[in-house]
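Descriptive analysis of the structure
Listed below, chain by chain, are the residues.
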Amino acid sequence: MLYAIIGQDTPDSQDKRMAARPAHLARLQALQDEGRLLLAGPFPAVDAVDPGAAGFTGSLIVAEFASLQAAREWSEADPYASTGVFRQISVQPFRKVMPA
């Protein structure tokens, strides 16, 4: 089943985010290589593709996991969680309807 993982950043997390980014992307790449990643990306803090110094306010990942517990465990082990980029993470089942 698909699960939506939403991480909300701590204030002023940009330096931590950039330091943990390579390890975070490696984990996402592994999901993609396994055919389990639907989408992933950050929420810019301002209305721009590249928010510059404003940074990001969080991230969204939608991926397939065996269970809600497995999705939670994966998200809790993410470098953005373990290095303090995320102040809060929510994980919930997701049902893709469109595009078909």
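Refer to the preceding data block for the structure.
Sequence order as written defines the numbering, with residues in each chain counted from 1. Only residues with pLDDT of at least 70 get local features here, since the model is predicted, and only at 80 or more are side-chain atom pairs given and counted; chain-wide, interface and lining totals rely on the full set of residues. Here the side-chain values reflect all heavy atoms present in the structure, with hydrogen atoms and water set aside.

By convention in these notes, a salt bridge is any Lys or Arg side-chain nitrogen within 4 Å of a carboxyl oxygen on Asp or Glu. Inspection of the entire model under this criterion finds three salt bridges. Here Arg27 ties to Asp78 by a salt bridge, and the two come within 3.2 Å at their closest N and O atoms. With Arg27 in helix α1 (residues 14-33) and Asp78 in the loop between α2 (68-76) and α3 (79-82), the pair connects residues that are 51 residues apart, well separated along the chain. One exposure class covers both Arg27 and Asp78, and it is buried. In this structure, the salt-bridge partner of Arg36 is Glu34, at a minimum N-O distance of 2.5 Å. Secondary structure elements follow DSSP: runs of H or I of four or more residues count as helices, runs of E of two or more count as strands, with numbering from the N terminus. A 1.4 Å probe rolled over the protein chains alone gives each residue an accessible area, and that area as a share of the maximum for its type sets the label: buried under 20%, exposed over 50%, partly exposed in between.

This part covers the packing of aromatic side chains. A pair of Phe, Tyr and Trp rings is counted when the ring centres sit within 6.5 Å of each other, with Trp represented by its six-membered ring. The angle between the planes then sorts it: under 30 degrees is stacked, over 60 is edge-to-face, the rest tilted. Throughout the structure, instances matching the rule amount to three aromatic pairs. Ring geometry for Tyr80 versus Phe86: centroids 5.5 Å apart, planes at 90°, classification edge-to-face. The exposure classification of Tyr80 matches that of Phe86, with both residues buried. Three or more aromatic residues joined by ring pairs form one cluster here, namely Tyr3, Phe65 and Trp74. Stacked on the ring of Trp74, the Lys or Arg Arg27 has its end atom at 4.2 Å from the ring centre. Should the NZ of a Lys or the CZ of an Arg lie within 6 Å of a ring centre and within 35 degrees of the ring normal, that charge is described as sitting over the ring.

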